Every structure is written in structure tokens, then in C-alpha cells.
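Reading the structure
Single-letter residue listing:
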Amino acid sequence: MVRITFIDAGGTRREIAAREGLSLMENAVAQGIEAIAAVCGGNCYCGTCRVHLTPEWFERLGPPGDYEGPVIDASGDAHPCARLACQLPVTEALEGLVVETPASQS
Ligand code: FES
């Protein structure tokens, strides 16, 4: 299990024990993180699974992919370190990750 913390727009923190082999979105939905609606079910289309990373984590995990970036842009999310949780596979490398969820997903 990989410890990952979600912080919602109101500042409430919630740590989950995420399963490797699933995406960050799949783990969040399975564990009741309400700010991750994931309307499209992980097809990189809806933009309702956005998370905001710290600059350090963003650099470590890399920028959005070719299909992911335009979906983030279309959502109107201008955060410089936004990613789609459905495009982030959970591995040991994510141990200790802390993400914020945008107010628009509250
Ligand atoms: S679940 Fe729809 S873009 Fe991630």
C-alpha cells in the first residue's frame, strides 16, 4: 500500500492507503474521495479528476501527457502543477504524495 494524502478546497486532509496497479483516480474513487468525480471513468476526457501537485512532485512525476494537457486546459484549470489523477498510475514512487483538489470539484 502507498500512503497518499488528499487535501480538499476547505483544507480537510484525508490519507488513503492506495493500491499499486490502479490509477490515483481509481484509488480515490474506491476510497470515497468526493472531490474526484471521475465522470468519464478514467478515459482522459472529463477533467473531473484533477489534482494539484507541489512543484517538487510535479517535477518528479512529469508534465501532463499529450491528451491530458488539453483536457486540463479545457477545464479552465490554470494551476501550473495540475494533473489528471486517472493518468497517474500508483507505484511505490508515489509514497507520501500530497495532492490538493480544486475548489471547482468540491
Ligand atoms: S476520470 Fe475523466 S479525465 Fe480523469
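For the structure itself, look to the data block above.
Residue numbers restart at each chain and count upward from 1, following the sequence in its written direction. The model is predicted, so local features are restricted to residues of pLDDT at least 70 and side-chain atom pairs to those at 80 or more, both for listing and for counting; the totals for chains, interfaces and linings are taken over all residues. The basis for every side-chain value is the complete set of non-hydrogen atoms in the structure, without hydrogens or water.

**Side note on the pairing of strand β5 (residues 97–100)**
Every second residue of β5 is oriented toward a common face, the buried set being Leu-97 and Val-99 and the non-buried set Val-98 and Glu-100. We call two strands paired when DSSP finds no fewer than two bridges between them. A run of DSSP states H or I qualifies as a helix once it reaches four residues; a run of E qualifies as a strand once it reaches two. Both are numbered from the N-terminal end. Note: strand β1 (residues 2–7) against β5, four bridges, orientation parallel. Residue pairing for β5: Thr-5 is matched across the bridge by Val-98. Only protein chains enter the area calculation, which uses a 1.4 Å probe; residues under 20% of their type maximum are buried, those over 50% are exposed, and those in between are partly exposed.

**Digging into unusual backbone geometry**
Trans peptide bonds make up the majority, and among non-glycine residues the majority have a negative phi. In this structure, Ala-38 takes a positive phi of about 50° despite not being glycine. Tracing the chain through its elements places Ala-38 in the loop between α1 (24–30) and β3 (50–52). Of note in this structure, Cys-44 is not a glycine but carries a positive phi near 60°. Overall, the relative accessible area of 14% leaves Cys-44 in the buried class.

**A word on the pattern of salt bridges**
For this analysis, a salt bridge means a side-chain nitrogen from Lys or Arg found within 4 Å of a carboxyl oxygen belonging to Asp or Glu. Per the stated rule, a full pass over the model turns up four salt bridges. Across the pair Glu-95 and Arg-3 runs a salt bridge whose closest N-O atoms are separated by 2.7 Å. Of this pair, Glu-95 sits in the loop between β4 (82–84) and β5 while Arg-3 sits in strand β1, and the two are 92 residues apart along the sequence. For Arg-3, a relative accessible area of 43% translates into the label partly exposed. In this structure, Asp-77 engages Arg-50 in a salt bridge whose closest nitrogen and oxygen atoms are separated by 2.6 Å. Of the two residues, Asp-77 is situated in the loop between α3 (68–74) and β4 and Arg-50 in strand β3; the sequence distance between them amounts to 27 residues. For the pair formed by Asp-77 and Arg-50, the shared burial category is buried.

**Some thoughts on the pairing of strand β2 (residues 13–18)**
In this structure, β1 lies alongside β2, joined through six bridges in antiparallel fashion. Across the sheet, residue Thr-5 finds its bridge partner in β2, namely Glu-15.

**Things to note about the nonpolar core**
In terms of nonpolar packing, the biggest core is built from 29 residues, with Ile-4, Phe-6, Leu-24, Ile-36, Val-51, Leu-53 and Leu-97 touching the most fellow members. Residues count as neighbours in contact if any of their non-hydrogen atoms are within 4.5 Å of one another. Setting aside chain neighbours within four positions, we find Ile-4 in contact with Arg-14, Glu-15, Ile-16, Ala-18, Leu-24, Val-90, Leu-94 and Leu-97. We define the nonpolar core as a collection of buried residues of types Ala, Val, Leu, Ile, Met, Phe, Trp, Tyr and Cys that are connected through side-chain atoms lying within 4.5 Å of one another.

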